[in-house]
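# Structure at a glance
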Amino acid sequence: MPIPSAEQAPARTLTELNAEIRALVDGGLVSPEARREYERLLVEWGAAVQGGIVKAA
């Protein structure tokens, strides 16, 4: 699965990603699958944050 770049528009908003991350870790990361999903969500969240940063002139 390709990692989203900062130039791509995120599929979900930061609010949606944050809610999904919080829901995932609410009960603790007990399985390897949950840990991988958490890491994937963090990458997507980081790309969304980078996409929202505007460089000053």
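Our structure is the block above this text.
Residues numbered from 1 in each chain as written. Predicted model: local features only at pLDDT ≥ 70, side-chain atom pairs only at ≥ 80, totals over all residues. Heavy atoms only, no water.

### Description of the overall build of the chain
The helix and strand inventory of the chain stands at two helices and zero strands. Relative to its full complement of 57 residues, the chain shows a buried share of 12%. Put simply, 62% of the contacts in the chain that link residues at least 6 apart link residues at least 24 apart. Working note: accessible area of the chain is about 4500 Å², and carbon and sulfur atoms make up 58% of it. (Helix = DSSP H or I, 4+ residues; strand = E, 2+ residues; numbered from the N terminus. Buried < 20%, exposed > 50% of the residue type's maximum accessible area, 1.4 Å probe, protein only. Contact = heavy atoms within 4.5 Å. Areas by Shrake-Rupley, 256 points an atom, 1.4 Å probe, with all protein chains shown as cover.)

### Some remarks on the packing of helix H1 (residues 14-26) against helix H2 (residues 32-51)
Interaxial distance between H1 and H2 falls to 10 Å at its minimum, and their mutual angle equals 160 degrees. Comparing their axes, H2 and H1 come out roughly antiparallel. The two elements H1 and H2 meet at a crossing, and its hand is left-handed. Residue-level contacts link Leu14, Leu17, Asn18, Glu20, Ile21, Leu24 and Val25 of H1 to Ala34, Glu37, Tyr38, Arg40, Leu41, Leu42, Glu44, Trp45, Ala48 and Val49 of H2. When grouped by side-chain class, the residues that make up the contact of H1 with H2 number twelve nonpolar, one polar and four charged. (Axes fitted to C-alpha atoms, helices over the stretch in contact; angles between N-to-C directions. Parallel < 35°, antiparallel > 145°, perpendicular 65-115°, else oblique. Left-handed = near helix turned anticlockwise from the far one by under 90°. Nonpolar A, V, L, I, M, F, W, Y, C, P; charged D, E, K, R; others polar.)

### As for the pattern of salt bridges
Using the criterion set out here, one finds five salt bridges in the structure. We note a salt bridge from Arg12 to Glu20, for which the minimum N-O separation is 2.2 Å. By relative accessible area, which is 29% here, Glu20 ends up partly exposed. Linking Arg40 and Glu37 is a salt bridge whose minimum nitrogen-to-oxygen distance equals 2.7 Å. You can see Arg40 and its partner Glu37 sitting in helix H2, three residues apart, about one turn around the helix. Relative accessible area serves as the criterion here: at 26%, Glu37 is assigned to the partly exposed category. When salt bridges that share partners are traced, they join Arg12, Glu20, Glu37, Arg40 and Glu44 into one network. (Salt bridge = Lys/Arg side-chain N within 4 Å of Asp/Glu carboxyl O.)

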